[in-house]
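Listed below are the residues making up each chain.
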Amino acid sequence: MDMSKYRELFLSEAREHINSLSQLVVTLEQEPGNRETIDALFREAHSIKGMAATMGFNNTARLSHHLEDLLDGFRNSGDIPSVTIDYLLEGIDLLDGLLDDLLDDRPERNTEDFLTKQPVPAADREKKSPDRSIADVDDDESSKAPPEEPDTFQVLIELEKGIPAAAACGILILRELEKSGKVKASKPEMDELREEGDCEQIQAWLTSLVEKEQLKETLLNISGVANVRFIEDRRKNDRRLRRAVDRTIRVRTDLLDQFVNLTGELITHRNMLNTAGSNRNWDELNSALERAGRLIDDLHHNVLQVRLMPLQSITGRLPRIVRDLSRKSGKKVNLQLNGTDVGIDRVILEEITDPLVHLVRNAVDHGIEEEGVVTVSAGREKDLILIEVADNGKGMDPQTLRQKAVDSGVVTQAQAHSMSDRDALMLVCRPGFSTAQEVTETSGRGVGMDVVRAAIRNLGGTLNIISEVGTGTRFQMRLPLSIAIIKILLVRCAGRVLAIPITRVQRTLDLPTSEIQTSGPHRLFRLDEEEICLYSLAETLNLPQAAAGDITWAILTEVRGLRVGLQVDGFLGQRDAFIKPTGFPLNLLTGLSGATVEGDGRVTFVVDPQALLEKHKMVTNL
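Cut-offs applied
- Residues numbered from 1 in each chain as written.
- Predicted model: local features only at pLDDT ≥ 70, side-chain atom pairs only at ≥ 80, totals over all residues.
- Heavy atoms only, no water.
- Helix = DSSP H or I, 4+ residues; strand = E, 2+ residues; numbered from the N terminus.
- Buried < 20%, exposed > 50% of the residue type's maximum accessible area, 1.4 Å probe, protein only.
- Contact = heavy atoms within 4.5 Å.
- Areas by Shrake-Rupley, 256 points an atom, 1.4 Å probe, with all protein chains shown as cover.
- Phe/Tyr/Trp six-rings, centres within 6.5 Å; stacked < 30°, edge-to-face > 60°.
- Pairing = 2+ DSSP bridges.
- Axes fitted to C-alpha atoms, helices over the stretch in contact; angles between N-to-C directions.
- Parallel < 35°, antiparallel > 145°, perpendicular 65-115°, else oblique.
- Left-handed = near helix turned anticlockwise from the far one by under 90°.
- Nonpolar A, V, L, I, M, F, W, Y, C, P; charged D, E, K, R; others polar.
- Patch = residues over 30% accessible without salt bridge, like charges linked within 9 Å, V, L, I, M, F, W, Y side chains within 5 Å.
- Salt bridge = Lys/Arg side-chain N within 4 Å of Asp/Glu carboxyl O.

Novice: Tell me about the overall build of the protein chain, and name the residues and values.
Specialist: The helix and strand tally for the protein chain stands at 23 helices and 22 strands. Scored against the burial criterion, the 622 residues of the protein chain give a buried share of 45%. Sequence-distant contacts in the protein chain: of pairs separated by 6 or more residues, those separated by 24 or more amount to 69%. Surface accessibility of the protein chain: about 32200 Å² in total, with carbon and sulfur atoms responsible for 49%.

Novice: Requested: an account of the packing of aromatic side chains, with residues and values cited.
Specialist: Counting across every chain of the model gives three aromatic pairs. Judged by centre distance (5.4 Å) and plane angle (80°), the ring pair of Phe153 and Phe230 falls under edge-to-face. One end of the pair, Phe153, is in strand β1 (residues 151-159); the other, Phe230, is in strand β4 (residues 225-232), with 77 residues separating them in the sequence. Residue class for Phe230 comes out partly exposed when judged on its relative accessible area of 21%.

Novice: Kindly report on the sheet that holds strand β15 (residues 517-519), identifying the contributing residues and their values.
Specialist: Strand order in the open sheet formed by six strands is β14-β18-β19-β17-β16-β15, with mixed pairing between adjacent strands. The sheet is open, and its two edges are formed by β14 (507-512) and β15, each paired on a single side. Across the sheet, the mean angle separating the axes of adjacent strands is 40° when strand polarity is ignored. Of the strand pairs in this sheet, β14 and strand β18 (residues 551-559) are connected by six bridges, and their pairing is antiparallel. Looking at β18, one finds that Leu511 is bridged to Thr552.

Novice: Lay out the packing of helix α13 (residues 253-278) against helix α14 (residues 282-307) in plain terms, naming residues and giving numbers.
Specialist: Interhelical geometry of α13 versus α14 gives an angle of 160° and a closest axis separation of 9 Å. By the angle between their directions, the pair α13 and α14 is classed as roughly antiparallel. Handedness of the α13/α14 crossing: left-handed. Classifying every residue of the contact of α13 with α14 by side-chain character gives 16 nonpolar, five polar and four charged.

Novice: Go over a nonpolar patch on the surface with me, naming the residues and quoting the values.
Specialist: Where nonpolar side chains cluster on the molecular surface, the patch consists of Leu586, Leu589, Val597, Val603 and Phe605 and spans about 390 Å² of accessible area. Its place among the elements puts Val603 in strand β22 (residues 603-607).

Right, here's the structure in full:
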């Protein structure tokens, strides 16, 4: 019997069982005598064994059967020793690796070494084994698993201050990195350096088999290099977590029944519309159109429901991540998950996996000092999904952030003085800005936070930071329900109709033009006891600005944590829209996030005001 057609389903279900295994083992470590958890672990291993054996994946079946037998032995005693916990986690990692092999169409890796060894404390496993004969070594090599994939890591090369021809030194560094492996990205890039761009530091993502110490020694031999540091690629370590969001989605049978019913009703209304049109019965035609509109709304709702997946499909690995980080740092950290049954669009779920992991890692590494709680919670907030990562650690001091930003040259003293506490907290999202005293593998607050904010913004969402010294920090991600069908605000701009995602609009404003003040090159207005800069949408698009009247229409939006006003020529209302991505060369235009087709066939472009303002560097303090 050909089982290949069930391969994708097996991989999806097996990954879910492995995530459950990992989460249950972490729970068992905290409650060693919990019989229900031991029984649940046994069932999960048994399920994987049965599925793998049916599919003919022998190594996966053998390993899961081995874990099943191990767990069965503890079901009677009802207590699992700590050394076995480490052994179980090692076995789960190996199971996950086997699934990676199958996913990448590689032969299953060898599991014999794991199957033949006994659970021993981690410290004992690290001790050097006694000498063995050459024959033993040869036997080991013949059964060794395929070689490890190349490491991917970030390398930071700092140059000596004031060296001549810094750009040329940067070029030599990048060329040396290219010899050592594959440079995935660099900052600055080679082309910028060839144009004699500024260069104080080279930041590059490198995939290489070369040992780090050897690479460091080679780089330090280049004249002008002052220091070399490495930061591990957490994306490699958390790849399993990202793959939890599979391309297959399970659909409840009641939803399928609703689709069948809706399809039947739409067919009926199509016939009614045809009849009413043929008979020129306009009243019946309008009535049928109204009913068809309601059916389409129902269809839209059900389609969105099908695409939804629970947040817990990507949070299953977080307890393991927190557990490993806690042991490594010597801290006692408890992870709490709330509201993880909230459904989120599959595409959005895929994109927030890395930001979510990064925020949790930062909370453990730099939020909690010695002991504390990290909480991941989710819920609905009107038409948005709110995901929050909070810790009850030391918190962040806005004044400290302001001073560090001034000392590092990110902002001037005057800019720092005028910053609100909210804006000061958002400084941690500036590239390279960190509150950490030293760089760790987990990273400091700010190392990567710009990537987190960019990922959220690309999804049409926003990031908000709330922190209080001695109380803790909360990172709030607000995300749309869907990135394909969204609510838009239609506005007039220089005689054109443009659309702005509602998620980008905090408020719409009708400002008396007389209340808008001028300060140097900027226009300002007061709102909620705060002075807010006003910019022109037409100006960002190089379009003619309409003459000022008694009223100035504007939307209140946010750019890099700053509230700003964006002037338009008028509002035309809100509606739901199906957004299509633009093709080449329009997809190269910054600030153009897609297009939608109107009922009369006209194309309306969707613009991202934040990206436009950032591109033109119109907002101060950017």
